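Listed here are the chains, written in short residue letters.
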Amino acid sequence: DGAATIFVATPEGPATRVALSDDYLYLRPHWSHDGRAILAIRARRREDGTGAQQALRIAWPAGTVEVLESLGDRVSDVREADGGRQWIVGEQSANAVRLLRVDPLTPGASERLPLPLVSEFQVHGNLLAFTQPELEGITLCTLPALQCEPLRVPIAEHNRFDWVLTANALWYRAGTTPDALVRYDFAQRAVTWRSAFAPTAFGRSFAVRPDGRVLLVAREGPLAIDLMLAPRVIRKAQPVAHK
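As the structure is a prediction and not an experimental result, all values here were calculated from the model.

On to the pairing of strand S13 (residues 138–142). Where burial is concerned, most of S13 is hidden: four out of the five residues are buried. If you look at the hairpin formed by strand S12 (residues 127–131) and S13, you'll find six residues sitting between the two strands, and glutamate 134 has a positive phi there, around 65°. Pairing geometry for S13 and strand S14 (residues 147–151), over five bridges, is antiparallel. Across the sheet, residue isoleucine 138 finds its bridge partner in S14, namely leucine 151. What sits between S13 and S14 in their antiparallel hairpin is a turn of four residues, with leucine 146 showing a positive phi close to 60°.

Here it is, written out as C-alpha coordinates:
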(Lines give C-alpha, C1' and ligand atoms only; values in the text may rest on other atoms or scores of the structure.)
Protein backbone atom coordinates (compact mmCIF):
# COMPACT_ATOMS: atom_id res chain seq x y z
CA ASP A 1 0.00 0.00 0.00
CA GLY A 2 2.99 2.27 -0.46
CA ALA A 3 4.20 2.04 3.14
CA ALA A 4 7.49 0.33 3.95
CA THR A 5 6.08 -1.84 6.69
CA ILE A 6 5.41 -5.54 7.39
CA PHE A 7 2.34 -7.64 6.68
CA VAL A 8 1.46 -11.16 7.86
CA ALA A 9 -0.78 -13.45 5.85
CA THR A 10 -1.45 -17.01 4.78
CA PRO A 11 -1.67 -17.87 1.07
CA GLU A 12 -5.42 -18.32 1.45
CA GLY A 13 -6.24 -15.44 3.80
CA PRO A 14 -6.14 -11.66 3.99
CA ALA A 15 -3.01 -9.74 4.96
CA THR A 16 -2.72 -8.14 8.39
CA ARG A 17 -0.54 -5.07 8.76
CA VAL A 18 1.79 -5.24 11.75
CA ALA A 19 1.32 -2.19 13.96
CA LEU A 20 4.70 -0.46 13.75
CA SER A 21 5.90 3.12 14.02
CA ASP A 22 5.80 5.11 10.79
CA ASP A 23 9.14 6.70 11.71
CA TYR A 24 11.15 3.81 10.26
CA LEU A 25 11.68 1.75 7.14
CA TYR A 26 11.32 -1.99 7.83
CA LEU A 27 13.54 -4.51 6.07
CA ARG A 28 14.24 -8.27 5.80
CA PRO A 29 11.37 -9.74 7.85
CA HIS A 30 11.40 -13.49 8.45
CA TRP A 31 9.99 -15.94 10.99
CA SER A 32 11.82 -17.14 14.07
CA HIS A 33 12.61 -20.83 14.37
CA ASP A 34 9.55 -21.51 16.57
CA GLY A 35 7.21 -19.42 14.40
CA ARG A 36 6.20 -17.24 17.34
CA ALA A 37 8.03 -14.08 16.33
CA ILE A 38 9.16 -12.02 13.36
CA LEU A 39 12.77 -10.93 13.15
CA ALA A 40 13.31 -7.76 11.14
CA ILE A 41 15.43 -4.64 10.73
CA ARG A 42 14.25 -1.06 11.20
CA ALA A 43 16.18 1.76 9.52
CA ARG A 44 16.08 5.53 9.89
CA ARG A 45 18.19 8.39 8.61
CA ARG A 46 19.48 10.58 11.43
CA GLU A 47 19.50 14.37 11.37
CA ASP A 48 23.28 14.42 10.86
CA GLY A 49 22.91 12.32 7.70
CA THR A 50 24.14 9.03 9.17
CA GLY A 51 21.96 5.94 9.14
CA ALA A 52 20.93 3.61 11.94
CA GLN A 53 19.68 0.03 11.55
CA GLN A 54 18.49 -1.97 14.54
CA ALA A 55 17.18 -5.49 14.87
CA LEU A 56 13.62 -6.15 16.08
CA ARG A 57 11.86 -9.16 17.52
CA ILE A 58 8.09 -8.85 17.04
CA ALA A 59 6.00 -11.35 19.02
CA TRP A 60 3.15 -12.69 16.91
CA PRO A 61 0.18 -12.46 17.04
CA ALA A 62 0.52 -10.20 20.10
CA GLY A 63 2.46 -7.64 18.05
CA THR A 64 4.71 -6.51 20.91
CA VAL A 65 8.02 -5.13 19.65
CA GLU A 66 11.41 -5.74 21.28
CA VAL A 67 14.30 -3.66 19.96
CA LEU A 68 17.50 -5.71 20.20
CA GLU A 69 19.56 -2.68 21.19
CA SER A 70 22.52 -4.75 22.41
CA LEU A 71 23.25 -5.73 18.80
CA GLY A 72 24.01 -2.12 17.94
CA ASP A 73 22.69 0.21 15.25
CA ARG A 74 24.54 -1.18 12.21
CA VAL A 75 22.66 -4.47 11.88
CA SER A 76 21.98 -5.64 8.33
CA ASP A 77 20.20 -8.88 9.29
CA VAL A 78 19.83 -11.36 12.15
CA ARG A 79 19.17 -15.08 11.68
CA GLU A 80 18.54 -17.85 14.18
CA ALA A 81 20.76 -20.94 14.23
CA ASP A 82 20.91 -24.13 16.30
CA GLY A 83 17.14 -24.19 16.81
CA GLY A 84 17.05 -20.58 17.97
CA ARG A 85 19.80 -21.03 20.58
CA GLN A 86 22.19 -18.81 18.61
CA TRP A 87 21.94 -15.72 16.44
CA ILE A 88 24.05 -15.10 13.37
CA VAL A 89 24.17 -11.32 13.06
CA GLY A 90 25.30 -9.29 10.08
CA GLU A 91 27.02 -6.05 11.07
CA GLN A 92 27.56 -3.39 8.43
CA SER A 93 31.16 -2.58 7.55
CA ALA A 94 31.38 0.04 4.78
CA ASN A 95 29.74 -1.61 1.75
CA ALA A 96 29.96 -5.14 3.15
CA VAL A 97 28.89 -7.12 6.22
CA ARG A 98 30.87 -8.92 8.92
CA LEU A 99 29.28 -11.95 10.59
CA LEU A 100 28.96 -12.36 14.35
CA ARG A 101 27.72 -15.22 16.50
CA VAL A 102 25.60 -14.15 19.49
CA ASP A 103 24.02 -16.04 22.39
CA PRO A 104 20.44 -14.67 22.77
CA LEU A 105 20.72 -15.06 26.56
CA THR A 106 23.78 -12.77 26.65
CA PRO A 107 23.33 -10.63 23.53
CA GLY A 108 25.87 -8.06 24.69
CA ALA A 109 28.70 -10.54 24.07
CA SER A 110 29.44 -11.46 20.46
CA GLU A 111 31.99 -13.56 18.63
CA ARG A 112 33.33 -12.48 15.25
CA LEU A 113 33.20 -15.45 12.90
CA PRO A 114 36.50 -16.17 11.11
CA LEU A 115 34.95 -15.57 7.70
CA PRO A 116 35.49 -12.93 5.00
CA LEU A 117 33.22 -9.93 4.64
CA VAL A 118 29.97 -10.89 2.93
CA SER A 119 27.32 -9.13 0.89
CA GLU A 120 24.34 -11.40 1.74
CA PHE A 121 23.87 -14.38 4.05
CA GLN A 122 21.19 -16.85 5.10
CA VAL A 123 20.95 -19.54 7.78
CA HIS A 124 18.86 -22.71 7.75
CA GLY A 125 19.29 -25.19 10.61
CA ASN A 126 23.02 -25.91 10.85
CA LEU A 127 23.78 -24.43 7.42
CA LEU A 128 25.14 -20.97 6.73
CA ALA A 129 25.47 -19.65 3.16
CA PHE A 130 26.87 -16.34 2.02
CA THR A 131 27.93 -14.34 -1.01
CA GLN A 132 30.93 -12.01 -1.21
CA PRO A 133 31.15 -8.57 -2.77
CA GLU A 134 32.11 -8.60 -6.47
CA LEU A 135 32.57 -12.40 -6.51
CA GLU A 136 30.34 -14.96 -8.21
CA GLY A 137 29.19 -18.03 -6.31
CA ILE A 138 27.99 -19.07 -2.86
CA THR A 139 29.99 -20.37 0.09
CA LEU A 140 28.18 -23.06 2.11
CA CYS A 141 29.26 -23.71 5.73
CA THR A 142 28.11 -26.07 8.47
CA LEU A 143 27.59 -24.78 12.00
CA PRO A 144 29.09 -24.64 14.58
CA ALA A 145 32.28 -26.08 13.05
CA LEU A 146 32.31 -23.62 10.14
CA GLN A 147 33.46 -26.19 7.61
CA CYS A 148 33.00 -24.25 4.38
CA GLU A 149 32.88 -25.11 0.70
CA PRO A 150 32.47 -22.79 -2.30
CA LEU A 151 29.63 -23.65 -4.68
CA ARG A 152 30.02 -22.72 -8.32
CA VAL A 153 26.56 -21.29 -8.97
CA PRO A 154 25.80 -18.17 -11.06
CA ILE A 155 24.94 -15.81 -8.19
CA ALA A 156 26.63 -12.41 -8.31
CA GLU A 157 25.80 -8.74 -7.77
CA HIS A 158 22.95 -8.68 -10.30
CA ASN A 159 20.99 -11.41 -8.47
CA ARG A 160 22.47 -11.11 -4.96
CA PHE A 161 18.98 -11.09 -3.35
CA ASP A 162 17.48 -13.82 -5.53
CA TRP A 163 18.35 -17.00 -3.65
CA VAL A 164 16.92 -19.06 -0.78
CA LEU A 165 18.68 -21.61 1.43
CA THR A 166 16.83 -24.75 2.56
CA ALA A 167 17.96 -27.90 4.35
CA ASN A 168 19.09 -29.79 1.27
CA ALA A 169 19.12 -27.33 -1.61
CA LEU A 170 19.87 -23.84 -2.83
CA TRP A 171 17.16 -22.14 -4.87
CA TYR A 172 18.01 -19.18 -7.09
CA ARG A 173 16.92 -17.10 -10.06
CA ALA A 174 19.24 -17.76 -12.96
CA GLY A 175 19.82 -14.86 -15.31
CA THR A 176 19.20 -16.75 -18.52
CA THR A 177 16.96 -15.54 -21.36
CA PRO A 178 14.30 -15.70 -20.13
CA ASP A 179 15.09 -16.01 -16.42
CA ALA A 180 14.58 -19.39 -14.77
CA LEU A 181 13.99 -20.59 -11.21
CA VAL A 182 16.54 -23.27 -10.33
CA ARG A 183 17.08 -25.84 -7.57
CA TYR A 184 20.68 -26.82 -6.81
CA ASP A 185 20.80 -30.08 -4.83
CA PHE A 186 23.48 -30.30 -2.13
CA ALA A 187 23.73 -34.10 -2.16
CA GLN A 188 24.28 -34.29 -5.92
CA ARG A 189 26.08 -30.94 -6.23
CA ALA A 190 24.07 -30.32 -9.36
CA VAL A 191 20.93 -28.60 -10.64
CA THR A 192 18.05 -31.06 -10.32
CA TRP A 193 15.08 -28.82 -11.20
CA ARG A 194 14.49 -25.81 -13.40
CA SER A 195 11.32 -23.83 -14.19
CA ALA A 196 10.68 -21.05 -16.68
CA PHE A 197 8.03 -19.68 -14.27
CA ALA A 198 10.53 -17.35 -12.63
CA PRO A 199 9.92 -14.32 -10.41
CA THR A 200 9.83 -10.99 -12.21
CA ALA A 201 9.43 -8.61 -9.28
CA PHE A 202 12.32 -6.53 -7.95
CA GLY A 203 14.50 -7.74 -5.09
CA ARG A 204 13.96 -10.94 -3.11
CA SER A 205 10.83 -12.08 -4.89
CA PHE A 206 10.29 -15.75 -4.07
CA ALA A 207 10.13 -18.00 -1.02
CA VAL A 208 10.38 -21.74 -0.47
CA ARG A 209 8.59 -23.79 2.16
CA PRO A 210 11.17 -25.56 4.38
CA ASP A 211 10.32 -28.97 2.91
CA GLY A 212 10.86 -27.62 -0.61
CA ARG A 213 7.44 -28.70 -1.85
CA VAL A 214 5.78 -25.28 -2.18
CA LEU A 215 7.13 -22.09 -3.71
CA LEU A 216 5.73 -18.57 -3.57
CA VAL A 217 6.73 -16.47 -6.57
CA ALA A 218 6.16 -12.74 -7.04
CA ARG A 219 5.54 -11.65 -10.61
CA GLU A 220 4.71 -8.20 -11.93
CA GLY A 221 1.16 -7.79 -13.18
CA PRO A 222 0.34 -6.46 -16.64
CA LEU A 223 0.76 -2.75 -17.12
CA ALA A 224 -2.51 -0.86 -16.72
CA ILE A 225 -2.99 2.58 -18.21
CA ASP A 226 -6.03 4.69 -17.40
CA LEU A 227 -7.21 6.91 -20.25
CA MET A 228 -9.29 9.93 -19.29
CA LEU A 229 -11.15 12.40 -21.48
CA ALA A 230 -10.61 15.95 -20.26
CA PRO A 231 -12.58 18.92 -21.59
CA ARG A 232 -10.61 21.33 -23.67
CA VAL A 233 -10.50 24.78 -22.10
CA ILE A 234 -10.22 27.75 -24.44
CA ARG A 235 -9.28 30.99 -22.81
CA LYS A 236 -10.18 34.22 -24.55
CA ALA A 237 -7.24 36.54 -25.00
CA GLN A 238 -7.38 39.62 -22.84
CA PRO A 239 -6.50 43.03 -24.30
CA VAL A 240 -3.21 44.48 -23.18
CA ALA A 241 -3.03 48.16 -22.36
CA HIS A 242 -0.16 50.13 -23.85
CA LYS A 243 1.08 53.50 -22.83
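After presenting the structure, the write-up continues.
Counting across every chain of the model gives two aromatic pairs. The interplanar angle of 55° and the centroid separation of 6.4 Å between the aromatic rings of tyrosine 24 and tyrosine 26 together place this pair among those described as tilted. Comparing tyrosine 24 with tyrosine 26 shows no difference in burial state: the two are buried. Just above the ring of tyrosine 24 sits the side chain of arginine 42; from NZ or CZ to the centre is 4.1 Å. The positively charged end of arginine 219 is found above the aromatic ring belonging to phenylalanine 197, 4.3 Å away from the centroid.

Attention shifts here to the side chain of arginine 79. With respect to the secondary-structure elements, arginine 79 resides in strand S7 (residues 75–81). A residue is classified by how much of its surface remains accessible, and arginine 79, at 11% relative accessible area, is buried. Looking at arginine 79, its side chain comes within polar contact range of the side chain of aspartate 77, at 3.1 Å.

Take the sheet that holds strand S17 (residues 180–185) next. One open sheet accounts for four strands, arranged S15-S16-S17-S18; its pairing is antiparallel. Because the sheet does not close on itself, it has two edges, and the strands there are strand S15 (163–165) and strand S18 (190–195). Neighbour-to-neighbour, the strand axes of the sheet open up by a mean angle of 20°, direction not taken into account.

Now for the sheet that holds strand S9 (residues 96–102). Reading across the sheet, the four strands line up as S7-S8-S9-S10 and stay open at both edges, with antiparallel pairing between neighbours. Single-partner strands in this sheet number two, and they are S7 and strand S10 (110–112). Taken over all neighbouring pairs, the strand axes of this sheet differ in orientation by 30° on average, direction set aside. In the sheet, S7 pairs with strand S8 (residues 86–93) via six bridges, with the strands oriented antiparallel. Paired with valine 75 across the bridge in S8 is glutamate 91.

The next point concerns the state of the cysteines. The final tally for this structure, using the stated rule, is one disulfide. One disulfide bridge connects cysteine 141 with cysteine 148, the sulfur atoms lying 2.1 Å from each other. Given an S-S torsion of about 110°, the disulfide between cysteine 141 and cysteine 148 has right-handed geometry. For cysteine 148, a relative accessible area of 36% corresponds to the partly exposed category.

Cut-off values and rules
Residues numbered from 1 in each chain as written. Predicted model: local features only at pLDDT ≥ 70, side-chain atom pairs only at ≥ 80, totals over all residues. Heavy atoms only, no water. Buried < 20%, exposed > 50% of the residue type's maximum accessible area, 1.4 Å probe, protein only. Helix = DSSP H or I, 4+ residues; strand = E, 2+ residues; numbered from the N terminus. Pairing = 2+ DSSP bridges. Phe/Tyr/Trp six-rings, centres within 6.5 Å; stacked < 30°, edge-to-face > 60°. Lys NZ or Arg CZ within 6 Å of the ring centre and 35° of its normal. Polar contact = N/O pair within 3.5 Å; in protein donor to acceptor, adjacent residues only side chain to side chain. Axes fitted to C-alpha atoms, helices over the stretch in contact; angles between N-to-C directions. Disulfide = S-S within 2.5 Å.

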